[in-house]
Amino acid sequence: GIMAAVGFPAYNDYVQRSHRVDLQAHLMQMASNLERYKSQQMSYTGVTLAMVNSNVAVYPTTGTAKYNLALTLTPAAAPTSWSLTATPVSAGTQAGDGALRIDSQGRRCWDAASDTTCDLADATQAWGSKAH
């Protein structure tokens with residue numbers, strides 16, 4: 001009983017961290033896809049989340065969704081920048097693990113305290129700033 005009480009939460013933390021690290025790599029790939037689109041089209045105008053994420057708005061793209069993904073282009077009329085946000089599915093295994101974001105300036109954040117957003121300008125929320 002004691003082993004289960006200690007081991008199960010540690011295992012759950014490991015699984016959440018593993019899914020988050022996989023998502024971070026996926027967000028980096030999506031960022032690369034966005035930059036490739038811009039280099040071919042000479043702007044971000046017309047790009048959609050579906051174009052850079054296998055036609056879906058969740059991660060992973062197959063199986064049980066763990067994160068909802070959103071692409072924000074700014075300004076909307078003639079975008080010169082973008083940000084990608086990943087929020088945990090509310091009833092999924094990642095619920096309570098925090099939101100992640102990445103933007104066209106290369107900033108990346110994760111806020112374990114919020115499942116809705118994180119602050120790209122806050123260096124303490126940068127992906128590498130704390131133990132993951």
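Scope of this entry: the structure provided in the associated data block. (Residues numbered from 1 in each chain as written. Predicted model: local features only at pLDDT ≥ 70, side-chain atom pairs only at ≥ 80, totals over all residues. Heavy atoms only, no water.)

### Quick word on unusual backbone geometry
Point 1. For the bond running from Tyr-59 to Pro-60, omega is -5°, close enough to zero to count as cis.
Point 2. Topologically, Pro-60 is positioned in the loop between β1 (58-59) and β2 (67-74).
Point 3. Going from Thr-74 to Pro-75, the amide bond is cis rather than trans, its omega being -20°.
Point 4. Assignment of secondary structure puts Pro-75 in the loop between β2 and β3 (81-88).
Point 5. Positive phi, close to 70°, is recorded for Met-42, a residue that is not glycine.
Point 6. Relative to the helices and strands, Met-42 resides in the loop between α1 (2-41) and α2 (49-52).
Point 7. Taking the relative accessible area as the measure of exposure, Met-42 reaches 68% and is therefore exposed.
Point 8. The phi dihedral of Ser-54 falls on the positive side, at around 50°, and the residue is not glycine. (Helix = DSSP H or I, 4+ residues; strand = E, 2+ residues; numbered from the N terminus. Buried < 20%, exposed > 50% of the residue type's maximum accessible area, 1.4 Å probe, protein only.)

### Things to note about the pattern of salt bridges
Point 1. According to the stated counting rule, one finds 2 salt bridges in the structure shown.
Point 2. A salt bridge links Arg-20 to Asp-97, with the shortest nitrogen-to-oxygen separation between them at 2.8 Å. A residue pair is termed long-range when its members are at least 10 positions apart, and Arg-20 in helix α1 and Asp-97 in the loop between β3 and β4 (99-103) qualify at 77 residues. Residues Arg-20 and Asp-97 agree in their burial class; the two are buried.
Point 3. Taking the shortest distance from any N to any O, the salt bridge between Arg-107 and Asp-103 comes out at 2.7 Å. (Salt bridge = Lys/Arg side-chain N within 4 Å of Asp/Glu carboxyl O.)

### Structural notes on the state of the cysteines
Point 1. The tally for this structure, following the rule as stated, stands at 1 disulfide.
Point 2. Linked covalently through their sulfurs, Cys-109 and Cys-118 form a disulfide whose S-S length is 2.0 Å. Because the torsion about its S-S bond is 70°, the bridge between Cys-109 and Cys-118 counts as right-handed. Taken individually, Cys-109 and Cys-118 each receive the classification buried, so the pair is uniform in this respect. (Disulfide = S-S within 2.5 Å.)

### Let's talk about the sheet that holds β4
Point 1. With respect to topology, 5 strands assemble into an open sheet ordered β1-β2-β3-β4-β5, the strand pairing being antiparallel. Looking along the sheet, the strands with just one partner apiece sit at the ends: β1 and β5 (108-111).
Point 2. Where β3 and β4 come together, 4 bridges link them in antiparallel fashion. By the bridge assignment for β4, Ala-86 is matched with Leu-100. (Pairing = 2+ DSSP bridges.)

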